[in-house]
Amino acid sequence: MSLLVITGPTASGKTARAVDVAKAIDGEIISADSRQLYRGMDLGTGKDLDEYGPVPYHLIDICPAGYRYNLYEYLRDERIARNSIENRGKTPILCGGTGLYIESVLNGISLPEVPANQELRDSLAGKTLEELTEILSKMKKLHNSTDVDSCKRAIRAIEIEEYYRLNPEKAAETSPTPLTDAVVVGVSIDRDARRRRISDRLKSRIDEGMVEEVEQLLKSGIEPENLIYYGLEYKFLTLYLTGRLTRQEMTDQLETAIHQFAKRQMTWFRGMERRGHVINWLPYDLPREEFVARVIELLADKKQTNQS
């Protein structure tokens, strides 16, 4: 059974498209959004749960706000959800805009659970983030900053690399097995339309109570820095609510940040294509019936190719 992926930049309308397709092919949706995982973070992450209607969804509202979910956990939970959907004879539809999650699933990456090494943790306690980053850089090539955005995460990354060094047979288990039956559909939207939809959506969500949502999260006891960690809406709204930005500064800087985020998403998708992933781009304003028909055609073509 093919995995269908529906992705695209923020505000492209990919969730509505995934729901339309799911209704037509008896599918269930697995979220590939790194922030919709968290409970109580609704308006800021654009969950729009009413949009799903009768279509079952997975990996939304599975963690408390303030928690820092990681790629290992996502790949584990995505695989469990996909197996469950397939075992019930349904079609899994991976939908979202977190390129790291999507590409890792397509690449078939497996990350075994690494136990805590208290002795190693004790030996690293007290070291600065710069010192920990230097240690980690000697153990592996650093492709991004997510492993070293805090001392705790850097120590965990070192712990994982040390575990693989001492247990090479476990490291071998991480060899990826790329999916060969996946169909990836990208929702294409031109720059001007994307910018307009982002601006309109931001205004709408502020009017609907996004500021109050973040205020309630802070009142519930979540530390401001933990919300700032999530970026975008939660970063700038927290900075506003803690007096570090005016409301106008918050709005202006947040809107600019979302536009920049959408550009980074498109950069990731183009990188995926350079790395060999085929993304079938369909216009965001394609009529619903035509969009669904095109996706069903792509799935049929993939099935025929795999059988030949």
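Note that this is a predicted model, so its numbers are computed, not measured.

### Here's the deal with the packing of helix α2 (residues 71–87) against helix α3 (residues 99–106)
(1) Moving on: At a minimum axis separation of 11 Å, α2 and α3 run at an interaxial angle of 60°. In terms of axis orientation, α2 runs oblique to α3. Crossing geometry of α2 relative to α3 is assigned as right-handed. For the pair α2 and α3, the contacting residues are L71, Y74, L75, E78 and R82 in the first and L100, Y101, S104 and V105 in the second.

### Some details on unusual backbone geometry
(1) Moving on: Its identity is not glycine, yet D26 carries a phi of approximately 60°, on the positive side.
(2) Moving on: In this fold, D26 is placed in the loop between α1 (14–25) and β2 (27–31).
(3) Moving on: According to the relative accessible area criterion, D26 is partly exposed, its value standing at 42%.
(4) Moving on: Its identity is not glycine, yet D48 carries a phi of approximately 45°, on the positive side.

### Considerations on the nonpolar core
(1) Moving on: By size, the foremost hydrophobic cluster in this structure holds 49 residues, and its most contacted members are Y74 and L94.
(2) Moving on: Among the elements that line this core, the one with the most residues is helix α12 (residues 247–274), at 8 residues.
(3) Moving on: Discounting chain neighbours no more than four positions away, the residues touching Y74 are I30, S31, A32, L59, Y69, L94, Y101 and V105.
(4) Moving on: Among the nonpolar cores identified, the runner-up in size contains 26 residues, and L286, V292, V295 and L298 belong to it.

Conventions and cut-offs
- Residues numbered from 1 in each chain as written.
- Predicted model: local features only at pLDDT ≥ 70, side-chain atom pairs only at ≥ 80, totals over all residues.
- Heavy atoms only, no water.
- Axes fitted to C-alpha atoms, helices over the stretch in contact; angles between N-to-C directions.
- Helix = DSSP H or I, 4+ residues; strand = E, 2+ residues; numbered from the N terminus.
- Parallel < 35°, antiparallel > 145°, perpendicular 65-115°, else oblique.
- Left-handed = near helix turned anticlockwise from the far one by under 90°.
- Contact = heavy atoms within 4.5 Å.
- Buried < 20%, exposed > 50% of the residue type's maximum accessible area, 1.4 Å probe, protein only.
- Core = buried A, V, L, I, M, F, W, Y, C linked by side-chain atoms within 4.5 Å.

So yeah, pure geometry; function would need other evidence.
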